[in-house]
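Chain by chain, the residues:
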Amino acid sequence: MQMKRVAPIENDAAQEEDDPDGPADHAALAGLYDIARACDQPGPAMSWRHFTASVRSGSGGERAEAWVAHDDGRISLGRTDDGRTDSGQVGRDEVAGGYILHFPQDDNTHLALLRLMTRTGRRREGVGGALLDHAIGRARDEGRRVLIAEASADGPGAAFAKVRGFSPAATETRLVLDLRTADWSGLELLRARAVRHATGYSLERWAGPTPDDLLGDMARLAEGMNDEPLGDLAMEDQRWTADRVRAREEMLARAGQQTYTMIARHTAGGEPAGFTQLVVDAERPEGWGRQSSTTVLAPHRGRRLGLVLKLANITWFRACEPSIERVITWNSVANPHMLAINEAMGFEVFDTWHQWQLDI
Ligand SMILES: CC(C)(COP(=O)(O)OP(=O)(O)OC[C@H]1O[C@@H](n2cnc3c(N)ncnc32)[C@H](O)[C@@H]1OP(=O)(O)O)[C@@H](O)C(=O)NCCC(=O)NCCS
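Residues numbered from 1 in each chain as written. Predicted model: local features only at pLDDT ≥ 70, side-chain atom pairs only at ≥ 80, totals over all residues.

Here's the deal with the packing of helix α7 (residues 215-223) against helix α8 (residues 242-254)
The criterion, for reference: A fitted line through C-alpha atoms serves as each axis, taken over the contacting stretch for helices, and the angle formed by two N-to-C directions is quoted from 0 to 180°. A run of DSSP states H or I qualifies as a helix once it reaches four residues; a run of E qualifies as a strand once it reaches two. Both are numbered from the N-terminal end. When describing relative orientation, an angle under 35 degrees is termed roughly parallel and one over 145 degrees roughly antiparallel, while 65 to 115 degrees is termed roughly perpendicular and anything else oblique. This entry defines residue contacts through backbone-placed C-beta atoms, with two residues in contact when those atoms are within 7 Å. Gly counts as polar in this scheme, as do all residues outside two lists: the nonpolar Ala, Val, Leu, Ile, Met, Phe, Trp, Tyr, Cys and Pro, and the charged Asp, Glu, Lys and Arg.
In contact at an axis separation of 8 Å, α7 and α8 are set at 90 degrees when each is read in the N-to-C sense. Here α7 lies roughly perpendicular to α8, going by the angle between them. Residue-level inspection shows Leu-215, Gly-216, Met-218, Ala-219 and Ala-222 of α7 in contact with α8, the latter providing Ala-242, Arg-244, Val-245 and Arg-246. Looking at side-chain class alone, the contact of α7 with α8 contains 6 nonpolar, 1 polar and 2 charged residues.

Quick look at the environment of Ala-149
For clarity, the cut-off: Counts of 20 or more other C-beta atoms within 10 Å of a residue's own C-beta define buried residues, counts of 12 or fewer define exposed ones, and intermediate counts define partly exposed ones; C-beta atoms are placed from the backbone.
Summarising the element assignment, Ala-149 is placed in strand β5 (residues 146-152). Look at Ala-149 and you get buried, because 23 C-beta atoms sit within 10 Å. Sequence separation of Ala-149 and Gln-357 is 208 residues, and the distance between their C-alpha atoms is 6.6 Å. If we ignore the near neighbours within four places in the chain, the residues touching Ala-149 are Leu-114, Arg-115, Leu-116, Ala-161, Phe-166 and Trp-356.

Looking at the nonpolar core
Heads up, the condition is: Definition of nonpolar core: a set of buried Ala, Val, Leu, Ile, Met, Phe, Trp, Tyr and Cys residues joined via C-beta atoms within 7 Å.
Ranked by size, the top nonpolar core spans 42 residues in total, and within it Tyr-99, Leu-101, Leu-114 and Ala-149 carry the most contacts. Setting aside anything within four residues of it in sequence, one finds Tyr-99 in contact with Ala-66, Trp-67, Leu-114, Arg-115, Leu-116, Leu-131 and Ala-135. Among the nonpolar cores identified, the runner-up in size contains 33 residues, and Leu-177, Ala-198, Leu-278 and Val-327 belong to it.

Things to note about the site of the ligand
In plain terms, the rule: The criterion for a residue being near a molecule or strand is a backbone-placed C-beta atom within 6 Å of that molecule or strand.
Lining the immediate environment of the ligand, one finds 22 residues, of which Gly-128, Gly-129, Pro-156, Gly-157 and Ala-159 sit closest. Listing elements by their share of the shell around the ligand, those giving two or more residues are β4 (111-118), α4 (127-141), β5 and α5 (156-163). In terms of residue count, the dominant contributor to the shell around the ligand is α5 (6 residues). Each residue belonging to the shell around the ligand can be placed in one class, and the counts come to 12 nonpolar, 7 polar and 3 charged.

Here we look at helix α10 (residues 336-345)
To be explicit about the condition: Picture the helix axis, draw a direction to every C-beta atom, and the arc is the one those directions span.
When we look at burial in α10, the residues that qualify are Met-338, Ile-341, Asn-342 and Met-345. All buried residues of α10 lie within an arc of 95 degrees about the axis, which places them on one face of the element. With its phi angle positive at about 100 degrees, Gly-346 sits one or two positions after the end of α10.

Considering the pairing of strand β3 (residues 95-103)
Put simply, the rule is: Note on pairing: DSSP must find at least two bridges between two strands before they are called paired.
Most of β3 is tucked away: 9 of the 9 residues are buried. Summarising the sheet, strand β2 (residues 63-70) and β3 pair through 8 bridges and their orientation is antiparallel. Its bridge partner being in β3, Ala-64 is matched across the sheet by His-102.

A word on the sheet that holds strand β10 (residues 288-296)
Sheet architecture is open: 12 strands sit in the order β1-β2-β3-β4-β5-β12-β6-β11-β10-β9-β8-β7, paired in mixed fashion. Across the chains shown, the open sheet's two edge strands, defined by having one partner strand only, are β1 (2-6) and β7 (201-207). On average, adjacent strands in this sheet sit at an angle of 25 degrees to one another, irrespective of strand direction. Relative to strand β11 (residues 326-332), β10 runs parallel, the two sharing 4 bridges. If you follow Trp-288 over to β11, its bridge partner there is Arg-326.

Brief notes about the pairing of β11
For clarity, the cut-off: A crossover gets the label right-handed when its path from the first strand over the helix to the second runs clockwise, viewed with the strands pointing away from the viewer.
Every second residue of β11 is oriented toward a common face, the buried set being Val-327, Thr-329 and Asn-331 and the non-buried set Arg-326, Ile-328, Trp-330 and Ser-332. One ladder, built from 7 bridges, connects strand β6 (residues 167-178) with β11; its direction is antiparallel. Each residue of the ladder has a partner; that of Leu-175, found in β11, is Thr-329. Following the chain from β10 across helix α9 (residues 305-320) to the adjacent parallel β11, one finds a crossover that is right-handed.

In short, geometric facts, not functional conclusions.
See below:
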């Protein structure tokens, strides 16, 4: 078994290609994408464009790298004159498994975030174990002390992680709201009642990148996510600046992710009080949208602003994105306040995931 570092696609023109086979040196990346798609749990699939962008960088400015495991010396499908892979290339069908590591840069520099997968049909042969050993080596080389990986509670990843000494540091439920069957008049009533507790605030919204003059507000709001309960995850607070907000948005745009953002502002003081964001992939895979971050800053909590923001945003989102049928969200089981909001809106439990943590 050989390990090969996968070259990310560096130019946007290549990302626009419809054919994930792309140029020959993208074959290993396409092989890894095939495996990722086969590993997908029910729910929104990651598009090729989003996947290739995530191999270039994480959405929080993390440096990324990807590696594949392949069998040495196998015949490839005529990529060189003599029909064999040259030393630098791996055919997409030869990829037995692989991993993507994200290295946070602005904070949490003790962490490496891992996504690891083995081709179905090549499982229980030690491929995953060999990949994990390699990933641990790479993370140590980068001076990281802790590895974090997520896996669905009822998939093979949980058994694998346990055997390899990871501990389940946090548990999250995925919840889904079906926009086709949601009780929209009931939600409007809920919003009207909640708004009475949230007097003294105004809402502002925009689709796509944050206007320049609001980047500072968004950085303050993003830091509100540091209050999210994280179980036993060894994560530090994230530090956000206007530049980091912009960099995240540029990554999302490269990845074909369209955002719908709603913020609440304290009318008297003028300061930002909370925000929520919905995201949709440019390919709108099977009608899925994603509810991303929501936070209300500490001085403004207890006024139902979280509910008001989410209800206002999803109503606007539905009008802008009529082809979206379902919205999925992640909710830490240690966060009963957000769970209560989601349940009030009609979100229903879909499945459960663990974040697995390993000291390396
Ligand atoms: C998890 C995953 C990467 C394991 O890959 P793999 O190549 O099968 O792993 P290995 O062959 O190295 O397995 C090592 C050990 O893990 C345990 N293990 C792996 N899969 C298991 C399963 N489905 N059930 C029970 N134990 C399992 C076993 O103890 C295994 O040793 P054994 O086969 O000698 O009993 C693979 O199943 C996968 O890609 N799953 C989907 C993606 C995922 O969940 N990734 C998260 C990983 S944290």
